[in-house]
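# Examination of the molecular architecture
For reference, the chains in residue letters:
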Amino acid sequence: MSNQPIIQVRDVAKYYGDEPALAGVSLDIMAGEFFSLLGPSGCGKTTLLRMISGFDVPDRGSISIDGVDMAGVPPNRRPTNMVFQSYAIFPHLSVAQNVAYGLKRLRLGRVETKRRVEEALALVALEGYGGRQPHELSGGQRQRVALARALVMQPKVLLLDEPMSALDKKLREQMQTELRRLQRAVGITFVLVTHDQEEALLMSDRIAVMFNGSIAQLDSPEGMYRRPVSRQVASFIGMMNFLRADIASIDPSGATVNIEALGSALLPGVSVGKPGSATIGIRPEMLTMLYGDHATAERVFRGKIVDTEYYGDLTLYQVRIDDTATVVTVSMRNTAGRPILQAGDRTRIGWGAESLVLLDPLESAK
Amino acid sequence: MDQSQRAPGGLIFYALVYLLFLYAPILLLPLFAFNDSAVIALPLSGFTLRWFDVLWDTTALHAALYNSLIIAATTSVLSTCLGILAARAAARYPIPGKRGIVGFIMVPLVLPEVIVGISLLVVLIQLGMSLSLWTVIMGHVLVCTPFSVAILGAAFNNMDASLEEASMDLGESALGTFRRIILPLAAPGILASMLVAFTISFDEFIIAFFLTGTDATLPVYIWSQLRFPARLPGMMALGFLMVLMSFALLLTAEYLRRRSSRLISGDEAEGASLFFDAASGMR
Ligand SMILES: Nc1ncnc2c1ncn2[C@@H]1O[C@H](COP(=O)(O)OP(=O)(O)OP(=O)(O)O)[C@@H](O)[C@H]1O
Ligand SMILES: [Mg+2]
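My aim in this report is to walk through the structure given alongside it, one point at a time. (Residues numbered from 1 in each chain as written. Chains lettered and ligands numbered in written order. Predicted model: local features only at pLDDT ≥ 70, side-chain atom pairs only at ≥ 80, totals over all residues. Heavy atoms only, no water.)

## Regarding the overall build of chain A
Of regular secondary structure, chain A possesses eight helices and 20 strands. In terms of overall dimensions, chain A has C-alpha extents of about 75 × 50 × 35 Å along its principal axes. Once local pairs closer than 6 in sequence are excluded, the contacts in chain A between residues at least 24 apart make up 65%. A total accessible area of about 17,000 Å² is found for chain A, and carbon and sulfur atoms account for 49% of it. (Helix = DSSP H or I, 4+ residues; strand = E, 2+ residues; numbered from the N terminus. Contact = heavy atoms within 4.5 Å. Areas by Shrake-Rupley, 256 points an atom, 1.4 Å probe, with all protein chains shown as cover.)

## Looking at the pattern of salt bridges
One pass over the structure, following the stated rule, counts 21 salt bridges over all chains. Where Asp66(A) meets Lys156(A), a salt bridge forms, and the shortest distance between an N and an O atom there is 2.9 Å. Placement of the pair is Asp66(A) in the loop between strand E4 (60-65) and strand E5 (68-69) and Lys156(A) in the loop between helix H4 (139-151) and strand E7 (157-161), with a sequence separation of 90 residues. When its relative accessible area of 39% is taken as the criterion, Lys156(A) is described as partly exposed. For Arg92(B), the salt bridge identified is with Glu164(B), shortest N-O distance 3.2 Å. Separated by 72 residues along the polypeptide, Arg92(B) in helix H3 (residues 59-92) and Glu164(B) in helix H7 (residues 161-169) bring together distant segments of the chain. (Salt bridge = Lys/Arg side-chain N within 4 Å of Asp/Glu carboxyl O. Buried < 20%, exposed > 50% of the residue type's maximum accessible area, 1.4 Å probe, protein only.)

## Considering the sheet that holds strand E12 (residues 254-259) of chain A
Residue and element names in this part refer to chain A. Taken in spatial order, the five strands of this open sheet run E13-E12-E11-E14-E20, and their pairing is antiparallel. Two strands in the sheet have a free side with no partner beyond their single neighbour: strand E13 (263-268) and strand E20 (357-359). In this sheet, neighbouring strand axes are inclined to one another by 45 degrees on average, regardless of whether the strands run parallel or antiparallel. Direction of pairing for strand E11 (residues 241-251) relative to strand E14 (residues 276-282): antiparallel, over a ladder of seven bridges. Each residue of the ladder has a partner; that of Ala-245, found in E14, is Ala-278. (Pairing = 2+ DSSP bridges. Axes fitted to C-alpha atoms, helices over the stretch in contact; angles between N-to-C directions.)

## Focus on the site of ligand 1
All names here are of chain A. With respect to spatial proximity, the complete set of residues near ligand 1 consists of Tyr-16, Ala-21, Ser-41, Gly-42, Cys-43, Gly-44, Lys-45, Thr-46, Thr-47 and Glu-162. Taking Cys-43, its main chain carries an N or O atom lying 3.2 Å from an oxygen atom of ligand 1. Between Lys-45 and ligand 1, the recorded distance is 2.8 Å, taken from a side-chain N or O atom to an oxygen atom. When the free accessible area of ligand 1 is taken as 630 Å², the share hidden by the protein chains comes to 55%. No other element matches helix H1 (residues 45-53), which puts three residues into the shell around ligand 1. (Near = heavy atom within 4 Å. Polar contact = N/O pair within 3.5 Å; in protein donor to acceptor, adjacent residues only side chain to side chain.)

## A short note on a nonpolar patch on the surface
Together, Leu11(B), Ile12(B), Tyr14(B), Leu16(B), Tyr18(B), Leu19(B), Leu22(B), Tyr23(B), Ile26(B), Leu27(B), Phe247(B) and Leu251(B) line one region of the surface with nonpolar side chains, adding up to about 1,200 Å² of accessible area. Counting only elements with at least two residues in the nonpolar patch, the list comes to helix H1 (9-33) and helix H11 (232-265) of chain B. (Patch = residues over 30% accessible without salt bridge, like charges linked within 9 Å, V, L, I, M, F, W, Y side chains within 5 Å.)

## Concerning the packing of H4(A) against helix H5 (residues 169-186) of chain A
Residues and elements named next belong to chain A. It is at 12 Å that the axes of H4 and H5 come closest, and there the two elements cross at 15 degrees. Relative to H5, the element H4 lies roughly parallel. Here H4 and H5 pass one another in a crossing that is right-handed. Judged by residue contacts, Gly-140, Gln-143, Arg-144, Leu-147 and Leu-151 of H4 engage Leu-171, Gln-174, Met-175, Glu-178, Leu-179, Leu-182 and Val-186 from H5. Residues of the contact of H4 with H5, tallied by class, amount to seven nonpolar, three polar and two charged. (Parallel < 35°, antiparallel > 145°, perpendicular 65-115°, else oblique. Left-handed = near helix turned anticlockwise from the far one by under 90°. Nonpolar A, V, L, I, M, F, W, Y, C, P; charged D, E, K, R; others polar.)

## Section: the layout of surface pockets
All names here are of chain A. As a volume, the second largest pocket reaches approximately 510 Å³. Lining of the second largest pocket is provided by 20 residues; of these, Arg-226, Arg-227, Leu-356, Val-357 and Leu-358 occupy positions nearest its centre. Listing elements by their share of the lining of the second largest pocket, those giving two or more residues are helix H7 (221-226), E13 and E20. Here the residues of the lining of the second largest pocket sort into 14 nonpolar, two polar and four charged. (1 Å grid on protein atoms, 1.4 Å probe; cavity = no way out; pocket = protein on both sides within 12 Å on 5 of 7 lines; lining within 4 Å. Points joined across faces, edges and corners; volume = space filled by probe spheres on them.)

## Re the environment of Arg257(B)
Tracing the chain through its elements places Arg257(B) in helix H11. For the pair Arg257(B) and Arg88(B), spaced 169 residues apart in sequence, the C-alpha to C-alpha distance is 16 Å.

## A word on the pairing of strand E17 (residues 314-321) of chain A
Residue and element names in this part refer to chain A. Counting buried positions along E17 yields six of eight residues, so the element is predominantly enclosed. Pairing of strand E16 (residues 299-310) with E17, which is carried by seven bridges, proceeds in the antiparallel orientation. Counted as the bridge partner of Ile-305 is Val-319 from E17. Where E16 folds back on E17, the antiparallel hairpin that results is connected by three residues, among which Gly-312 adopts a positive phi of roughly 90 degrees. Of the strand pairs in this sheet, E17 and strand E18 (residues 327-333) are connected by seven bridges, and their pairing is antiparallel. Residue pairing for E18: Gln-318 is matched across the bridge by Thr-329. Connecting E17 to the antiparallel partner E18 that follows it, the hairpin turn spans five residues, and Asp-323 within it adopts a positive phi of roughly 65 degrees.

## Looking at the packing of aromatic side chains
Across all of its chains, the model carries 10 aromatic pairs over all chains by this definition. Where Phe211(A) meets Phe236(A), the ring centres are 5.7 Å apart and the plane angle is 85 degrees; that geometry is what we call edge-to-face. You can see Phe211(A) sitting in strand E9 (residues 206-211) and its partner Phe236(A) sitting in helix H8 (residues 231-236), a full 25 residues away along the chain. Seen in terms of ring centroids, Phe205(B) and Trp223(B) are 6.1 Å apart; in terms of plane orientation they differ by 40 degrees. Their pairing is tilted. Taken together, the residues Phe205(B) in the loop between helix H8 (174-203) and helix H9 (206-211) and Trp223(B) in helix H10 (residues 218-225) connect sequence positions 18 residues apart. (Phe/Tyr/Trp six-rings, centres within 6.5 Å; stacked < 30°, edge-to-face > 60°.)

So, to be careful, I would describe these as geometric facts and stop short of saying anything about function.
Following this line, the structure appears as structure tokens:
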């Protein structure tokens, strides 16, 4: 990965009727990075990808790839290649002919073409499959053919539109790991469209979360998970407890907030926003159930378990905080010797101010 | 619940009578084609191949056959080319008033051929054109193109648009994509369209009757021979051969059409007999 942007999207908008499918999106994608566009169905991910690949034309704004403005450049002359959601394997051509499809125009000669095709098939672990017909392949193998067919062109950017959505869970997880390994191996910039937050967190160097045709947040997986900027992003990525709060004061040491059921806390380093009402988020795994009377934490509250969900490796508890109506979700790993508590049991929960997230700080100014 | 649906007896009887009514006249053809008698009447009087020899020796018939083959071959190519253009445009491009335009192309399917024949004749005479094989070809292209559009429309509509995009994405031009992806995938449909158009044109009588000049087509020739009772058994033999050929061509076409939709969409053709229905509706 370098710090050189390979794709620059500037204020790109697309309207279908009066509805914006994209409402002025700007972003830079760096050379060699694994970049994901993540968002719910209909938020404009495919639309943006198709504009980068040249299949759709923006109504406004510009896209440049490797420093060249792409306005008016058709898909067949862009340094991008695409892996389609349906894979779009040519049904009348063998696997090898599919992979060699784009090479034909380069007139490399038979020997070189064959070498490159075999190299590409080896890259996706399909050695020896060149002679197969597409209908003789499984879903996962078809996807690999689509990958090989795109990679053999040695594009500057590989675009992938939900390439894993047609695979079953097991195969999907396997392909996610392989795709990540492949991207590191070839060093090509990957732009992945997905609506699966785990997939995005697992694979990406950076993620852009989109809602309604705009980018809500652009961050690393860790940054996205730890410091979501809005309630919408926070609830889209992982689980989050939302608590009402008042910002009492903001000074250089941080923001002092009064949180419902938890009391007052100092959020170090928070300097955006104004005094007023706000939303505080805390992840279920940042709340720790304290076993035994001597265990302690920076801050502690007492509560009663109202529900228990057992997932094998972890357990989710719904805990009602004493003297309030507030129920929070607590996630605990089921490590050796830890009992599974049941509804009705009383418990103590530890937490720390550093794991609180101030959400929509600008919203709270209103 | 799991009792399979069975047609009531009356309905089966009706279907049998219907089929008999439809095909009995055709079944009479081979009967009299091989019958050793110059009179078309029962009872049969013995087996002979003599009427086929008669066909072999009639040179006027050969000229008519030659004309019909030329017309049918040219018509099948022209109407299939027009069909490719129209069906492709209808399948891919957002044309304003598309449904109306396609409907307009399909109109000759339901127009009485007498009307088409007479109108074309009037127009051609007004234009001062003389009647020839070409005028028949024009008329036949008019009635065959709707069939081509229907067959090819199915082929193009079922094609996954992302295949074309994938081809463009891999650096191929629009023309190259058409040649390397669209044509091969549509090839069975194209062949089917050519066979159907050929068969329709080869058998067509009314338009040919109005628009031929001095060069009769095969059906027109047959019609002209019906005035001579002695020629009847020969015409029976000829009719028998034509029926055989039509069946062979249409069966091949249907086979190709199904193969094409299997190739393109990976499953069995829906509306299994799209053009058979249309074709029988036209007779
Ligand atoms: N050709 C089109 N005509 C009209 N509206 C369209 C068209 N293509 C997309 N849209 C609309 O634009 C919006 C964004 O569509 P897009 O396909 O980019 O969504 P997406 O984020 O890829 O969703 P998904 O996860 O379901 O694939 C949607 O509201 C969609 O209805
Ligand atoms: Mg999409």
